[in-house]
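A look at the structure
Residues per chain, in single letters:
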Amino acid sequence: MAEGDNERILRVNIDEEMKSAYIDYSMSVIVARALPDVRDGLKPVHRRVLYGMQDLGLTSNKSFKKSARIVGEVLGKYHPHGDSSVYDTMVRMAQHWSLRYPMVNGQGNFGSVDGDSPAAMRYTEAKLRKIAEEMLSDIDKETVDFSLNFDDTIEEPTVLPAKIPNLLVNGASGIAVGMATNMPPHNLTEIVNATVAYIDDRDISIEGLMEHVKAPDFPTGGIIYGVDGVRQAFETGRGKVVIRAKADIEETDSGRPRIIVTEIPYQVNKAEMISKTADMVNDKKIEGISDIRDESDRSGMRVVYELKRDAIPNVVLNNLYKHTALQTSFSVNNVALVKGRPQTLNLKDLIHHYVDHRHEVVVRRTEYELRKAKERAHVLEGYLIALDNLDEVIALIRGSRTADIAKEGLMKNFELTEIQAKAILEMRLQRLTGMEREKIQSEYDELMKKIEYYESILADEGLRMDIIKEELLEMKEKYGDERKTDIIFASADFRIEDMIPNEEVVVTISHMGYMKRTSLSEYRTQRRGGRGSRGSTTRDEDFLEDLFYANTHNYLLIFTEKGKCFWMRVFEIPEGTKASKGRAVQNLINIEPDDRVLAYINVPDLTDQEFIENNFIMMCTKKGTVKKTNLEAYSRPRSNGIIAINIKDGDELMEAKLTNGESEVLMALKSGRAIRFNENTVRSMGRGASGVRGVRLANDKDEVVGMVCVQDAETTILVVSEKGYGKRTALEDYRVTNRGGKGVKTMNISDKTGELTTIKAVTDDNDLMIINKNGIAIRLEVAGIRVMGRATQGVRLINLKKGDEIAAVAKVPHSDEEEEENGSEEENGTENATDSEE
C-alpha cells in the first residue's frame, strides 16, 4: 500500500469479532427464521406467504393461480431467500397430513404421506383456504404493526391478527442456533373451549385447562399411548408424547390372522416404515409376519401385515410397536418468541399470550373503527348543516370565483372545518333531494350509536373479553371438528397381557432348545402305569428335556449354562399343539450362539415391589453348589441378558427356584442320596457371586439331578428314576443336616430302576406329567402314588420301551377329567402293558 493513501487498518481481537458475528447470526436465525411468534404461531416465511397470497387476491372464493406466480410475488416483495424455501413452506401449508388445519388449498401434486416430492411450482396451483383468511382478518384496520421490507420499498406485517389460535392448533417445528422448537398440533374445538375457560377464570390451573384440552391432536390420527408425557408437556412446556398407529386384528377367510393399520403416527413416512419393517422381518428381528402389503387408496390408508398361522397377533403387534415406526414419540419443546425473545411456554402461557394478542387486536381494531366512524360522522354533520342552509350554501358557491374561495366562505359563514367544506363542495347534486337527506340523517344516527358502542368497548375490558370469546366461538362453529387422535389415558393399564386371556398352560422345552406352550386342557389324566399320549414331535436326536406348568401372564426367568439370566412373558412363547415341536429359544431371546439354556423359573409378577424385595432365587449347579439372590436383582432385564451366577469350569447350572427366605431345601443326587437344610443357612449374595457348597457328591461321576424348596410340612417328596420307577416320601423322613454334607438315601437305586433323574415337592392336589425321550407323555394323579420310606425302590410309574428313558417330569394341577380310552391295560403297571401311542 502506497504511503499517503487514506486507508486505515483496524486491529480487532479475533475472539471478540467471532463472538460478535456469531451472536448476530444466531439472533438473526432465532428471531427472523426458525422460531414462531407466540401470537400468530407463524415464522416470517409462513407469514409472508399468506400475506403475499392475499396481496395477489388469492382468497378462497377466487380462482387458483400458479404456484410459481405466488413464489415470485413473495420473493420479489418480502422474502429475499431461495425460491425452494418459499415453495416448500407453501406446500407444507397445503398438506392435510402435515397441518391439522391446512392454510393453503393446493391443486396438483403436493406430495404424499409416503414422502413423494411435490410437483415443480410451474405445474401446481394454489389459493388461500377460508381458515387462512381468518388469520389475515382485519389486517387492514391497523390491528398489527408493519415494518419495511428488505429494500425499504413496501411494508409487511410483523404479525398477523390471527382469529385462530394457530400456534396451538397447528403447532410448529424449527431448529435455531442453540435452541429448537417442536410444538404439537391440537384440536381447535378443545383449544377454543380452554381459551374461553381461561378468559372466564384467569387463575385456572393446567389441570383445569386439561379438562378441555385432552392431549395433542395429530392430522394423521393414531393413538396417544399414555397421558403422563402429555401432562408434563402441558405443565412445563417439555415432555414426550408416545403415538401409536391405529391397528386392528382380523382373520382371513382361511382363518389366518392379520394386522390392519389404518392410521400411522404423525410425521412417519409410510413407505419407509413398510420398507424397514420388511427388512426386520427378513433379518428375523420380528417373527411371525409372512407378508406386508400397502393397500392404501383414495378412500384411506390400509397397510396389511399377514401373519403366520402359529403367530400370536398381539405379540407380533407389540413387537411392531417396539421395533418399528408404528410407535413413535413426539418430543414436545414449546419454544416461541415472546416480544422477540425465545421462551419455553406451558399450555397456560400459550393461551395467555394468545389472549393478550387478541385483546390488543380488538383494542386497535376498535380504535380504528371509532376513528373512521368519527371521521365519517364529521363529514355527515357538514352535509346536514349544508342541507339545513341549502339556499345560502348554493348562493355562496355560485358567487365564488374559485373552489378555494367557496371553501373559505363555507368555513367562515357556517363554522365548518376544512374537511367538511371540501366534502360539501364535492357533493353530487342528487344528494340534495329530500330522500337523500333522510338517508344522511339515518346514517348519522347509526354512526352515533356505533361510536357510543366503540367507546364502551374501549372503556370496558370485560366487554373486550366477551368479544374475543364470541369470535373464538364463531371460529369453533365454523372450523371445529372431532378429534382425530384417540387417547389411551393410562398406559400402565393398557398392556399387551390385557388382550391375552390368563390361562393355564404347559411349557415344554426340548434338549435342542425348542420351546412351546400348550393349553393344559389338551392333557387329560390317565391311571398309573398307562401308555400315555403323544406329547410332542421332536427332531431326530432331539428329546424333551424340560416341562413345567404356568399361567400365560407369568414372567419366565431363563438361566443359561454361562450363568446369564434372560426374561420373557409366558404369552410370548409360541403356542402349539401337543404334537408340534415349538420354536427355537434363540429366536425368542438374545442368547449367545455358544451358550445354551439350562434352567427356567416361573415368576407370578416382577412389577410388584413388595413381592420382589421379599422373595429370592435359589440356584444349584450339577456339582452341588447353591446360591441365593434377592429376586429384586432380576427385575430389570436387558436385551443381552444379565449375570445370574458365576459358573466355575466343568460345572453348569442345574436348577433355579423361587423362595420366600424360609424354605427347606432338598437336593437329590444321581446316586440316590438327598440332603435337607434350611434356606437360612445360605446367605443372600449378589448376582455375580459363585455360591457355596450345598451337597458333597458321592464320586466324580455323581451329580445333582434336582433341588426342591419346601415351605409346607404336609408336602411329600417325589423322586423318579430314569427307568420309570418313582415314590413319595414324607418330608419328615429327611432329617435336617448341615449344608455341604453327603445327605441320606432317598431311593434304593438298582439296575432295574436306573439312576435317579428327578426330585419334586408334591401333594395329593397335584398331577404328575412324565415325558420320555421318545416324546410320549403320561399324566398321573399324585394321590395314586403311595407314600413309602426313603430306602425303597418305589413303583413303576410309566412303562418304557427297551432302551427308552424318562426325559422330563413336572407337577401340574389335578384334573378330574380321566382319559378312559387310553387307560392302562393293567392298572398295577406290570411289564406286559402295551406301548402303543394315541
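Residues numbered from 1 in each chain as written. Predicted model: local features only at pLDDT ≥ 70, side-chain atom pairs only at ≥ 80, totals over all residues. Heavy atoms only, no water.

Named according to an unreviewed UniProt entry, the protein chain is DNA gyrase subunit A originating from Salibacter halophilus. Note on the protein chain: under the UniProt heading Catalytic activity (unreviewed entry), the record states "ATP-dependent breakage, passage and rejoining of double-stranded DNA." (UniProt positions renumbered as here; feature names shortened; annotations may be inferred.)

Right, let's talk about the pattern of salt bridges for a bit. The full count for this structure, using the stated rule, is 50 salt bridges. The salt bridge partner of Lys 469 is Asp 200, with a shortest N-O separation of 2.6 Å. You can see Lys 469 sitting in helix α17 (residues 461-479) and its partner Asp 200 sitting in helix α7 (residues 188-200), a full 269 residues away along the chain. By relative accessible area, Lys 469 is classed as buried at 17%. (Salt bridge = Lys/Arg side-chain N within 4 Å of Asp/Glu carboxyl O. Helix = DSSP H or I, 4+ residues; strand = E, 2+ residues; numbered from the N terminus. Buried < 20%, exposed > 50% of the residue type's maximum accessible area, 1.4 Å probe, protein only.)

Within this numbering scheme, the UniProt entry marks Tyr 123 as carrying the feature "active site" (unreviewed entry). Structurally, Tyr 123 is set in the loop between β2 (104-107) and β3 (125-128). The exposure class of Tyr 123 is exposed, given its relative accessible area of 53%.

This paragraph deals with the nonpolar core. Counting residues in each nonpolar core, the largest one holds 106 residues, and the members touching the most others are Leu 50, Met 53, Met 90 and Met 103. Inspection of this core shows a minimum of three residues originating in each of domain 1 (42-137) and domain 3 (359-479). Setting aside residues up to four positions removed in sequence, Met 103 forms contacts with Leu 50, Met 93, Leu 128, Arg 129, Ile 131, Ala 132, Met 135, Asn 166 and Asn 170. Of all hydrophobic cores here, the second largest spans 21 residues; its members include Val 261, Val 268, Ile 292 and Val 303. (Core = buried A, V, L, I, M, F, W, Y, C linked by side-chain atoms within 4.5 Å. Domains from an automatic or database assignment. Contact = heavy atoms within 4.5 Å.)

Here the focus is the sheet that holds strand β30 (residues 664-669). Across the sheet, which stays open at both edges, the four strands sit in the order β33-β30-β31-β36 with antiparallel pairing between neighbours. The two strands at the open ends of the sheet, each matched to only one other strand, are β33 (704-710) and β36 (744-745). Relative to β33, β30 is paired through six bridges, and the arrangement is antiparallel. Within β33, the residue paired with Leu 666 across the bridge is Val 708. (Pairing = 2+ DSSP bridges.)

Look at Gln 267: it is not a glycine, yet its phi comes out positive at around 65°. Looking at the secondary structure, you find Gln 267 in the loop between β11 (257-263) and α10 (270-282). In this structure, Lys 339 takes a positive phi of about 55° despite not being glycine. The residue Lys 339 is located in the loop between β15 (335-338) and β16 (341-344) in this model.

This paragraph deals with the domain arrangement of the protein chain. Split by domain assignment, the protein chain resolves into domain 1 (42-137), domain 2 (246-325), domain 3 (359-479), domain 4 (495-524 + 540-603) and domain 5 (663-816). With centres defined by C-alpha atoms, the gap from domain 2 to domain 5 works out at 47 Å.

What follows deals with the sheet that holds strand β13 (residues 303-307). The strand order across the open sheet formed by four strands is β10-β11-β13-β12, and the pairing between neighbours is antiparallel. Each edge of the open sheet is held by one strand with a lone partner, namely β10 (246-251) and β12 (289-294). The sheet shows a mean angle of 20° between the axes of neighbouring strands, direction not considered. Here β12 pairs with β13 via five bridges, running antiparallel. Its bridge partner lying in β13, Arg 293 is registered against Val 304. Its contacts with the sheet put helix α11 (residues 313-323) on β10, β11, β12 and β13, and the angle it makes with β11 is roughly 40°. (Axes fitted to C-alpha atoms, helices over the stretch in contact; angles between N-to-C directions.)

Let's shift gears to empty space enclosed by the protein. Tallied over the entire structure, the rule returns six cavities of 30 Å³ or more. Taken as a whole, the largest cavity holds about 100 Å³ of empty space. Residue lining of the largest cavity: 14 residues in total, with Pro 184, His 186, Phe 234, Asn 334 and Leu 350 positioned closest to the centre. Elements represented by at least two residues in the lining of the largest cavity include exactly α6 (166-170), α9 (228-236) and α12 (347-388). Among the elements that line the lining of the largest cavity, the one with the most residues is α9, at three residues. Its residues placed into classes, the lining of the largest cavity shows 12 nonpolar, two polar and no charged. (1 Å grid on protein atoms, 1.4 Å probe; cavity = no way out; pocket = protein on both sides within 12 Å on 5 of 7 lines; lining within 4 Å. Points joined across faces, edges and corners; volume = space filled by probe spheres on them. Nonpolar A, V, L, I, M, F, W, Y, C, P; charged D, E, K, R; others polar.)

Burial runs high along strand β23 (residues 564-569): five of the six residues are buried. Judged from the five bridges that link them, strand β22 (residues 555-560) and β23 form a sheet pairing that is antiparallel. In the sheet register, Ile 558 faces β23, and the bridge partner there is Phe 566. Turn length for the β22-β23 hairpin, with the two strands adjacent in sequence and antiparallel, is three residues, and the turn residue Gly 563 shows positive phi of about 80°. For β23 and strand β28 (residues 642-643), the ladder comprises two bridges, and the chain directions are antiparallel.

Position of Val 196 relative to the elements: it lies in helix α7. Taking relative accessible area as the criterion, Val 196 reaches 12% and is therefore assigned buried. Val 196 sits 13 residues away from Leu 209 along the chain, and the two C-alpha atoms are 9.9 Å apart. Sequence-distant contacts of Val 196, defined by excluding residues within four places in its chain, comprise Lys 469 and Leu 473.

Okay, the environment of Ala 271 next. Position of Ala 271 relative to the elements: it lies in helix α10. Spatially, the C-alpha atom of Ala 271 lies 4.9 Å from that of Asp 114, the residues being 157 residues apart in sequence.

This part is about the packing of helix α3 (residues 67-77) against helix α4 (residues 83-92). At a minimum axis separation of 10 Å, α3 and α4 run at an interaxial angle of 120°. Our classification of the angle between α3 and α4 gives oblique. Taken as a pair, α3 and α4 cross one another with a handedness that is right-handed. The segment α3 lies against α4, with Ser 67, Ile 70, Val 71, Val 74 and Leu 75 engaging Asp 83, Val 86, Tyr 87 and Met 90. Classifying every residue of the contact of α3 with α4 gives seven nonpolar, one polar and one charged. (Parallel < 35°, antiparallel > 145°, perpendicular 65-115°, else oblique. Left-handed = near helix turned anticlockwise from the far one by under 90°.)

Our next topic: the pairing of strand β35 (residues 725-730). Burial of β35 is extensive: six of the six residues sit out of reach of the surface. Of the two faces of β35, the one lined by Tyr 725, Lys 727 and Thr 729 and the one lined by Gly 726, Arg 728 and Ala 730 are each fully buried. Where strand β34 (residues 716-721) lies against β35, five bridges are found, and the strand directions are antiparallel. Paired with Val 720 across the strands is Gly 726, a residue of β35. Between β34 and β35, which pair antiparallel and follow one another directly, the connecting turn spans three residues, one of which, Gly 724, has a positive phi of 95°.

At their nearest, the axes of α7 and α17 sit 9 Å apart, and the two run at 165° to each other. In terms of orientation, α7 and α17 fall into the roughly antiparallel class. The element α7 and its partner α17 pack so that their crossing is left-handed. Packed against α7, whose contacting residues are Leu 188, Thr 189, Val 192, Asn 193, Thr 195, Val 196, Ile 199 and Asp 200, the element α17 presents Met 465, Ile 468, Lys 469, Leu 472, Leu 473, Met 475, Lys 476 and Tyr 479 at the interface. By residue class, the composition of the contact of α7 with α17 is 10 nonpolar, three polar and three charged.

Time to look at a nonpolar patch on the surface. On the surface, a cluster of nonpolar side chains totalling about 240 Å² of accessible area is made up of Ile 23, Met 27 and Val 31. The topology assignment puts Val 31 in helix α1 (residues 14-34). Taking relative accessible area as the criterion, Val 31 reaches 32% and is therefore assigned partly exposed. (Patch = residues over 30% accessible without salt bridge, like charges linked within 9 Å, V, L, I, M, F, W, Y side chains within 5 Å. Areas by Shrake-Rupley, 256 points an atom, 1.4 Å probe, with all protein chains shown as cover.)

A separate point is the side chain of Thr 518. Along the polypeptide, Thr 518 turns up in strand β19 (residues 514-519). Exposure remark for Thr 518: the relative accessible area of 0% places this residue in the buried category. A polar contact of 3.2 Å, which involves the side chain of Thr 518, links it to the backbone oxygen of Gly 576. (Polar contact = N/O pair within 3.5 Å; in protein donor to acceptor, adjacent residues only side chain to side chain.)

What follows concerns helix α14 (residues 403-414). Given a rise of 1.5 Å per residue, 12 residues ought to cover 16 Å, and the 16 Å separating the end C-alpha atoms of α14 matches this to within 8%. Turning to α14, its buried residues are Ala 406, Lys 407, Gly 409, Leu 410 and Phe 414. One side of α14 holds all its buried residues, which, seen down the axis, span an arc of 165°. Seen from the buried face of α14, the exposed residues on the opposite side, beyond 90 degrees, are Asp 404 and Lys 412. Buried residues belonging to α14 abut α12, α13 (390-398) and α15 (418-425). Just past α14, the residue Glu 415 takes up positive phi, approximately 55°. (Expected span 1.5 Å × (residues − 1). Arc of directions from axis to C-beta.)

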